[in-house]
Amino acid sequence: MTVIMDGKLLSEIIINQLKIKTGKLEKKPHLVVFLAGNNSASRIYVNNKKKKAEYIGFTLSVVELPSDISEKDFLEQIYIMNDDSNINAMLIQLPLPNNLNSQKIIESVDPIKDADGFTSYNFGWMALGYNPYAVPCTPKGIIRLLDEYKVNPEGKNVIVIGRSNIVGKPLSLMLQQRNATVTMAHSKTENLAEIASSQDIVISAIGIPNFINSKFIKKGAVVIDVGINRTEKGITGDVDFNDVKDKVSMITPVPGGVGPMTIAMLLENTFELFQIQQNFVL
Ligand code: NDP
């Protein structure tokens, strides 16, 4: 029988554990989210994060910036937060308006407050196999889901489809560190279905609804669907769930799989950064 990997449930468990731990703190973690421009999907994501953060007992402040903000003015806002000891974590909600250089903005966040683990300091430490202050939330959530369902990547053939800096690239590195044999695929990969159909674990982060069908899947494979695609029929993943569901051993649903885990990991990162900063003060 196919196991549905319930990211929603696991995320709720993690969030409730964070709530209990936060309830015992005198000072509460404070996360700042920078929201530039008028992207409606970004606004929904930020509101979801805010609701969950406040449920835990964190403070979450949203800094709304106009879409035509200059890079200089944006950076100044971040520098102020870097110097403010009451701010423990920051994230830049992506995508940023086109006139801004996203990596330059991200790099300006103090790595010890980098809730997404996207600064080159944290990303570099992660890539080298050391302990960064924080690792990217979506890959971290996927690894946590695999652990929860006792899917050990060690020695397994894993394909990660999509090589973005926020999902595919860090995930492929993190899976290598867990001793998986990783194939990194992208839009230029030839014979993708043939390669994917030999893999024990297939992870898709490409952003094309229902692209991955049963031709991409070996019988008994584990499938992780990162895609969040807005279609006329609502939100769908990259994987054609109905087509593959009887062929796979385990699969994440969309919604209710990787998405809620990403938020839970953001909040866990915030808590961990807070703790690191408290220890620095001591
Ligand atoms: P990007 O657009 O940054 O990257 C997409 C990647 O997919 C690229 O590497 C691209 O290849 C590759 N790709 C595109 N088309 C194909 C194809 N036909 N065959 C193989 N590879 C292809 O996307 P993101 O990583 O930001 O997001 C991917 C998806 O994941 C989206 O649906 C997004 O909404 C979702 N997402 C979900 C999250 C969650 O929490 N569940 C978090 C973040 C994202 P190339 O590099 O060659 O262009």
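Below or above, wherever it landed, is the structure these notes cover.

The rules behind the values
Residues numbered from 1 in each chain as written. Predicted model: local features only at pLDDT ≥ 70, side-chain atom pairs only at ≥ 80, totals over all residues. Heavy atoms only, no water. Helix = DSSP H or I, 4+ residues; strand = E, 2+ residues; numbered from the N terminus. Pairing = 2+ DSSP bridges. Phe/Tyr/Trp six-rings, centres within 6.5 Å; stacked < 30°, edge-to-face > 60°. Buried < 20%, exposed > 50% of the residue type's maximum accessible area, 1.4 Å probe, protein only.

## Re unusual backbone geometry
Okay, step 1: In this chain, Leu94 is followed by Pro95 through a cis amide linkage whose omega measures 0°.
Okay, step 2: Considering the arrangement of structural elements, one finds Pro95 in the loop between β4 (89-92) and α4 (102-107).
Okay, step 3: Here the amide bond leading from Val254 into Pro255 is cis, since omega sits at 0°, within 30 degrees of zero.
Okay, step 4: Tracing the sequence through the fold places Pro255 in the loop between β11 (250-251) and α10 (258-281).
Okay, step 5: Its identity is not glycine, yet Asn210 carries a phi of approximately 55°, on the positive side.

## Things to note about the sheet that holds strand β6 (residues 181-185)
Okay, step 1: The strand order β1-β11-β8-β7-β5-β6 describes an open sheet built from six strands, whose pairing is parallel. Of all strands in the sheet, those bounded by a partner on one side alone are β1 (3-4) and β6.
Okay, step 2: Here strand β5 (residues 157-161) runs beside strand β7 (residues 201-204); their pairing, made up of four bridges, is parallel. Bridging across to β7, Ile161 finds its partner in Ser204.

## Topic: the packing of aromatic side chains
Okay, step 1: Taken as a whole, this structure holds five aromatic pairs when the rule is applied.
Okay, step 2: With centroids separated by 5.5 Å and ring planes inclined at 25°, the aromatic side chains of Tyr121 and Trp125 adopt a geometry described as stacked. Here Tyr121 and its partner Trp125 are both found in helix α5 (residues 120-128), four residues apart, which amounts to about one turn of the helix.
Okay, step 3: Residue Tyr121 is classed as partly exposed on the basis of its relative accessible area of 34%.
Okay, step 4: The partly exposed category is assigned to Trp125, whose relative accessible area is 35%.

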